[in-house]
Amino acid sequence: MSWHEVVAVVVVLLGLGAGAFLVAQRPSFWIEFGARLGKALLPLAWRYVSKRMPPEEEAAWRQAERWGQGDEKLKVLWPRKDSIS
């Protein structure tokens, strides 16, 4: 790669960076960016939040709920890594 090509690449990258800087200063850019990002990530988040337990775990949890021990059963099923106990 000759020095002419290096200078051309640097100039193009500087131009793209300056254009991105000027566009990113506008609030409408960030509003549209957030809307598109939310629209793209909402199905993934919904899939994660609405995921059901395996049937065996759900049956054990429902049984513990009937006995009044639902919270203790969830602690056994999904232990926290930072818990002291």
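Residues numbered from 1 in each chain as written. Predicted model: local features only at pLDDT ≥ 70, side-chain atom pairs only at ≥ 80, totals over all residues. Heavy atoms only, no water.

Participant: Would you take a moment to explain helix α3 (residues 55-66) for this structure?
Facilitator: Since the α-helix advances by 3.6 residues per turn, residues separated by three or four positions end up pointing in the same direction. Taking 1.5 Å per residue, twelve residues should reach 16 Å; α3 reaches 16 Å between its end C-alpha atoms and fits that length. G68 lies just past α3 and shows a positive phi near 80°. (Helix = DSSP H or I, 4+ residues; strand = E, 2+ residues; numbered from the N terminus. Expected span 1.5 Å × (residues − 1).)

Participant: I'm lost on the pattern of salt bridges in this one. Help?
Facilitator: Any two side chains of opposite charge can pair if their charged atoms end up close together. Under the definition given, this model contains three salt bridges. A salt bridge links R36 to E32, with the nearest nitrogen and oxygen atoms 2.8 Å apart. Of this pair, R36 and E32 both sit in helix α2 (residues 27-49), four residues apart, which is roughly one turn of the helix. Between E58 and R62 there is a salt bridge whose closest N-O contact spans 2.7 Å. Taken as a pair, E58 and R62 lie in helix α3 at a separation of four residues, close to a single helical turn. When its relative accessible area of 13% is taken as the criterion, E58 is described as buried. Three or more residues joined by partner-sharing salt bridges are found here, namely R52, E58 and R62. (Salt bridge = Lys/Arg side-chain N within 4 Å of Asp/Glu carboxyl O. Buried < 20%, exposed > 50% of the residue type's maximum accessible area, 1.4 Å probe, protein only.)

Participant: Could you clarify how one ought to interpret the confidence of the model for the protein chain in this entry?
Facilitator: In regions of low pLDDT, the predicted coordinates are not meant to be interpreted in detail. Confidence in the prediction for the protein chain averages 85 pLDDT; 86% of positions are at 70 or higher. Least confident of the elements in the protein chain is helix α4 (residues 70-77), whose mean pLDDT is 68; most confident is helix α1 (residues 3-24), at 93. (pLDDT = per-residue confidence, 0-100.)

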